[in-house]
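What the coordinates show
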Amino acid sequence: MSSSIHSPDQTSSESSNITEGKCPSESERRNAEMILCDHCNSIILRVGDSIWMEGNEREIPLAIQREGGDLIETERLQGWWTAKDKFAFESVGVTNSVDGIRYLTCGDCDFGPIGIAEDKLHIVAHSRVKMESVPSPTNS
Ligand SMILES: [Zn+2]
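As the structure is a prediction and not an experimental result, all values here were calculated from the model.

Another point: the sheet that holds strand β11 (residues 129-132). Ordered in space as β2-β1-β11, the three strands form an open sheet in which the pairing is antiparallel. Each having just a single partner strand, β2 (43-45) and β11 make up the two edges of the open sheet. Strand-to-strand twist of the sheet, defined as the mean angle between neighbouring strand axes without regard to direction, takes the value 45°. Where strand β1 (residues 34-37) lies against β11, four bridges are found, and the strand directions are antiparallel. Residue pairing in the sheet places Cys37 in a bridge with Val129 of β11.

This is the structure we're talking about:
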């Protein structure tokens, strides 16, 4: 077979069929680095498995709770790495519902909460995890 030439300018009027292919858009920024547990360095999300969501301030319990007192201290965080569901994660835990909210923890060491599990979106607080760049694969 002779080499086929792909036109990158292929127009598709409908984009309802979203596949796992590379579909970069300006509003969509995927993680270019691995997202690791800040506590045990386990991989939580691999490169490209998560989409950045700017802003969207949420209140989330502190990762380290003070002893004594039944008030759960929270802090407001914004800037999230999002994934559709827990299967997008390399390793993640989901807590039991707390006031109707389920939180995400590290699947290995239970450090957390690192994010919030919602029905259609799991969000991970950028400030609760750490990023680690991986060497880019050699491609010619
Ligand atoms: Zn961990």
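Another point: the environment of Val92. The topology assignment puts Val92 in the loop between β6 (80-83) and β7 (93-94). Given 25 C-beta atoms within 10 Å, Val92 falls into the buried group. Sequence spacing of Val92 and Asp108 is 16 residues, and the spatial spacing of their C-alpha atoms is 7.4 Å. In contact with Val92, not counting residues within four places along its chain, are Ile44, Lys86, Leu104 and Gly107.

We now examine the nonpolar core. Counting residues in each nonpolar core, the largest one holds 21 residues, and the members touching the most others are Ile35, Ile44, Leu45, Leu104, Ile114, Val124 and Val129. Mapped onto this core, the elements with two or more residues apiece are β1, β2, β6, β9 (115-117) and β10 (122-125). Not counting the four nearest positions on each side in its chain, Leu45 is found in contact with Asn31, Ile35, Ser50, Trp81, Ala83, Phe89 and Glu90.

Scoring rules and cut-offs
Residues numbered from 1 in each chain as written. Predicted model: local features only at pLDDT ≥ 70, side-chain atom pairs only at ≥ 80, totals over all residues. Pairing = 2+ DSSP bridges. Helix = DSSP H or I, 4+ residues; strand = E, 2+ residues; numbered from the N terminus. Axes fitted to C-alpha atoms, helices over the stretch in contact; angles between N-to-C directions. Buried ≥ 20, exposed ≤ 12 C-beta atoms within 10 Å, placed from the backbone. Contact = placed C-beta atoms within 7 Å. Core = buried A, V, L, I, M, F, W, Y, C linked by C-beta atoms within 7 Å.

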